[in-house]
Amino acid sequence: MSDRYSQIVNSLPGRLIAGRVGLPQPTPLERHRPGAPVLAGRALLGAAPGGRLAGPLAKALADAGVETATVDADELRSAAADAGLDAAIFNAGAGGEQRFKALVFDATGIADSTQLVELQRFFHPTVRRLERCGRVVVLGTPPAACSGARERTAQRALEGFTRSLAKEVGRGATVQLVHVAPKAEGELASTLRFLLSPRSAYVSGQVVEIGPPVVKKAPAVDWERPLAGKRALVTGASRGIGAAIAETLRRDGADLVLLDVPALASDLAAVAKALDAETIELDITEEGAPAAIAERLSDGVDVVVHNAGVTRDRTIAKMPEERWSTLMEINLSSEERIDDALLEAGLLRANGRIVCVSSMSGIAGNSGQTNYATSKAGVIGMVEALAGDLAKRGATINAVAPGFIETQMTGQMPIAIREAGRRMNSMSQGGLPVDVAETIAWFASPASTGVNGNVVRVCGQSLLGA
Ligand SMILES: NC(=O)c1ccc[n+]([C@@H]2O[C@H](COP(=O)([O-])OP(=O)(O)OC[C@H]3O[C@@H](n4cnc5c(N)ncnc54)[C@H](O)[C@@H]3O)[C@@H](O)[C@H]2O)c1
């Protein structure tokens, strides 16, 4: 689906007219190209006094080859030096025309509401220096892990700051809050790389939780091909978001098993041929489906992506039971049965991943979608319910919740609803299937050993829901 409006307002005459009459002017988003650096520019680091992440942060950035500058704070200067970062000192007053591709702030030292002013002190003089499609990452402590009421209150307050800043930055920039639990300080790498890079183009205003690793020793990964030697199952892979997930996981090195309904066998075969993948032609709601999938994956599987899903919209007053049940079987119940079959047979390998596809509707609700929103909120419930158990098995489960994504499905919406869906977010545009796929690839990475139980929206910070 092409976004003609974006194309017009990004032409020179279109830009002039849109600017004059105050129409939304979506910035073309930068997206990842293989071999490109994590961050195409410099990152400025700041920290509230007493933070615990300066060292791990400097190390993760140095390993990722990110060029950095720091504000003039002792802890940051010495952490940067220890990590081997050649970090220049940035002085806001004498900063001249210096600009940054990312602003990264360690807020874990904020232990009282009176110290929240550290956010103002760092961002007030620097936010205008953020480049187009820049990145802001604020690191905090999960409020539940704080030791006292004052610290818990102050850390909870960070969420209001990052969600508001995400609405202010504009020009394709994104802002996230990353909660780093105690004992998870060494788990920053995969998440920082994702959030700083153009892979997270359409993810903004999110709160990401990083917990202790689910495996004792995180494997060393080739960051260009982190899934090399891994086997991934993707359901609903013949088109749309599922095909993009397959392409992205293949790019990252995975051997693929792609599943879709028998009616779409030829489309599935075309996707599989291009990606050198195996196929399973199967309706996941069939009685024998979980056993059949387990049988095909009897050698084990590293990554399971539950992408298959449908909409069957009607208001509840007009919703026949069959319409409700068909959808619930596809979007939720069959996923539960497949998980059970794979887990009971011990087929999810060590450091395995289950990744689910929820939806913004499952968070915010949507008129005409009681069935769909119920199923997609249920998917979030499944993530919450299984995260602890999977961590004990050395595996993770997470979900993406896409907002408006340009696919055949959204292309068929009536134009007024489609335009409203596209523009009602901080980026004034729809996302692409690859944006969902990149987020899934981050969850799927063997390096994401501390990323468990998350639901991350890929919605350009939609105005609907949190
Ligand atoms: N497009 C969006 O804006 C958007 C937004 C939020 C969530 N999502 C979710 O993303 C996922 C993919 O959506 P899409 O837009 O690519 O839709 P799509 O209709 O293009 O693709 C869905 C795929 O699932 C397959 N599928 C459906 N029922 C199946 C079954 N019983 N067994 C096996 N496969 C089955 C379909 O054949 C199809 O290939 C869905 O879970 C959807 O709910 C999409």
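None of these values were measured; they are calculated from a predicted model.

## Observations regarding the overall build of the protein chain
Right, so step 1: Along the backbone of the protein chain there are 16 helices and 14 strands.
Right, so step 2: Since a compact globule built from 466 residues should have a radius of gyration of about 23 Å, the 22 Å found for the protein chain is in line with a globular shape.
Right, so step 3: In terms of principal-axis extent, the alpha carbons of the protein chain reach across some 65 × 55 × 45 Å.
Right, so step 4: Evaluated residue by residue, the protein chain yields a buried proportion of 51% over its 466 residues.
Right, so step 5: Look at the contacts in the protein chain between residues 6 or more apart in sequence, and 76% of them connect residues 24 or more apart.

## Some words on the site of the ligand
Right, so step 1: Inspection of the region around the ligand gives 27 residues, with Gly-236, Gly-240, Ile-241, Gly-309 and Ile-405 positioned closest.
Right, so step 2: Those elements giving two or more residues to the shell around the ligand turn out to be helix H8 (240-251) and helix H14 (408-411).
Right, so step 3: Partitioning the shell around the ligand into residue classes produces twelve nonpolar, twelve polar and three charged.

## With respect to the environment of Glu-384
Right, so step 1: Along the chain, Glu-384 turns up in helix H13 (residues 370-392).
Right, so step 2: Note on Glu-384: 13 C-beta atoms within 10 Å, which makes it partly exposed.

## Quick notes on the domain arrangement of the protein chain
Right, so step 1: Taken domain by domain, the protein chain consists of domain 1 (31-210) and domain 2 (231-458).
Right, so step 2: Inter-centroid distance (C-alpha atoms) of domain 1 to domain 2 is 30 Å.
Right, so step 3: On the domain 2 side, the residues contacting the 23 residues of domain 1 number 20 residues.
Right, so step 4: Of all the secondary structure elements, the ones that give two or more residues to the side of domain 1 that touches domain 2 are helix H6 (149-169), helix H7 (189-196) and strand S7 (206-210).
Right, so step 5: Of the residues belonging to the side of domain 1 that touches domain 2, the class tally is ten nonpolar, eight polar and five charged.

## Remarks on the nonpolar core
Nonpolar side chains tend to gather and get buried jointly when the protein is soluble and globular.
Right, so step 1: Formed by 135 residues in total, the largest nonpolar core has its most connected members in Val-234, Leu-249 and Leu-258.
Right, so step 2: Residue-level mapping places this core at the junction of two domains, with at least three residues from each of domain 1 (31-210) and domain 2 (231-458).
Right, so step 3: Non-local contacts of Val-234, meaning those with residues more than four positions away in its chain, are made with Gly-242, Ile-245, Ala-246, Leu-249, Leu-256, Leu-258, Leu-259, Val-305 and Asn-307.

## Overview of the sheet that holds strand S13 (residues 396-402)
Right, so step 1: Strands sit in the order S10-S9-S8-S11-S12-S13-S14 across an open sheet of seven strands; the sheet is parallel. Strands with a single pairing partner mark the edges of an open sheet, and in this sheet they are strand S10 (278-281) and strand S14 (455-458). Sheet twist, expressed as the mean angle between neighbouring strand axes with direction ignored, is 20 degrees.
Right, so step 2: Across five bridges, strand S11 (residues 301-306) lies against strand S12 (residues 348-357) in parallel orientation. In the strand pairing of S12, Val-304 is matched with Ile-354.
Right, so step 3: Against the sheet, H13 touches S12, S13 and S14, its axis set at about 160 degrees to S13.

## Thoughts on the sheet that holds S7
Right, so step 1: Strands sit in the order S3-S2-S1-S4-S5-S6-S7 across an open sheet of seven strands; the sheet is parallel. Single-partner strands in this sheet number two, and they are strand S3 (88-90) and S7. Neighbour-to-neighbour, the strand axes of the sheet open up by a mean angle of 25 degrees, direction not taken into account.
Right, so step 2: Where strand S1 (residues 42-47) and strand S2 (residues 67-71) come together, four bridges link them in parallel fashion.

## What to know about the packing of helix H10 (residues 289-296) against helix H11 (residues 321-344)
Right, so step 1: Where H10 contacts H11, the axes come no closer than 9 Å and their chain directions differ by 40 degrees. Regarding the angle of H10 to H11, the classification is oblique. Note that H10 runs across H11; the crossing there is right-handed. Counted together, Ala-289, Pro-290, Ala-291, Ile-293 and Ala-294 of H10 and Ser-334, Arg-337, Ile-338, Asp-340, Ala-341 and Leu-342 of H11 form the full contact between these two elements.
Right, so step 2: Per-class residue counts for the contact of H10 with H11 are eight nonpolar, one polar and two charged.

## Considering the pairing of strand S6 (residues 174-180)
Right, so step 1: Of all seven residues in S6, seven are buried, a share of seventy percent or more.
Right, so step 2: Burial along S6 is two-sided: Thr-174, Gln-176, Val-178 and Val-180 facing one way and Val-175, Leu-177 and His-179 facing the other are all buried.
Right, so step 3: Here six bridges tie strand S5 (residues 130-140) to S6, and the two strands are oriented parallel to one another. In the strand pairing of S6, Arg-135 is matched with Thr-174.
Right, so step 4: In this fold, the crossover linking S5 to S6 by way of H6 has right-handed handedness.
Right, so step 5: Here S6 pairs with S7 via five bridges, running parallel. The partner of Val-178 across the bridge, within S7, is Val-208.
Right, so step 6: A crossover connection joins S6 to the parallel S7 through H7; in handedness this β-α-β unit is left-handed.

## Things to note about unusual backbone geometry
Right, so step 1: Residue Asp-276 is not a glycine yet carries a positive backbone phi of 55 degrees.
Right, so step 2: Within the element layout of this structure, Asp-276 appears in the loop between helix H9 (265-275) and S10.
Right, so step 3: Even without a glycine there, the phi angle at Ser-428 is positive, about 55 degrees.
Right, so step 4: Relative to the helices and strands, Ser-428 is located in the loop between helix H15 (415-423) and helix H16 (433-444).

Rules and cut-offs
Every chain's residues receive numbers from 1 upward, in the order its sequence appears when written. Since the coordinates come from a predicted model, pLDDT governs what is reported: local features require at least 70, and pairs of side-chain atoms require 80 or more to be given and counted, while whole-chain, interface and lining totals use all residues. Strands are runs of DSSP state E lasting at least 2 residues, helices are runs of H or I lasting at least 4, and numbering of each runs from the N terminus. Radius of gyration: C-alpha atoms only; globule rule: 2.2 Å multiplied by the number of residues to the exponent 0.38. Residues with at least 20 neighbouring C-beta atoms inside 10 Å of their own are called buried, those with 12 or fewer are called exposed, and the rest are partly exposed, where every C-beta is derived from the backbone. Each residue gets a C-beta atom placed from its backbone, and two residues are in contact if those atoms lie within 7 Å. Each residue receives a C-beta atom built from its backbone; the residue is near a molecule or strand if that atom lies within 6 Å of it. The nonpolar class holds Ala, Val, Leu, Ile, Met, Phe, Trp, Tyr, Cys and Pro. Asp, Glu, Lys and Arg form the charged class, and all remaining residues, Gly among them, are polar. Domain delimitation in this document rests on an assignment produced automatically or drawn from a domain database. By definition, a nonpolar core groups buried Ala, Val, Leu, Ile, Met, Phe, Trp, Tyr and Cys residues that connect through C-beta atoms lying within 7 Å of each other. DSSP-based pairing: two strands are paired if at least 2 bridges between them are found. All axes here are fitted lines through C-alpha atoms, helices being fitted over the stretch that makes contact, and every angle between N-to-C directions spans 0 to 180 degrees. Throughout this description, any angle smaller than 35 degrees is read as roughly parallel, any larger than 145 degrees as roughly antiparallel, any in the 65 to 115 degree range as roughly perpendicular, and the remainder as oblique. Working rule for handedness: look at the near helix, and if it is turned counterclockwise from the far one by less than a right angle, call the crossing left-handed; if clockwise, right-handed. Here, the term right-handed applies to a crossover whose path from the first strand over the helix to the second runs clockwise when the strands point away from the viewer.

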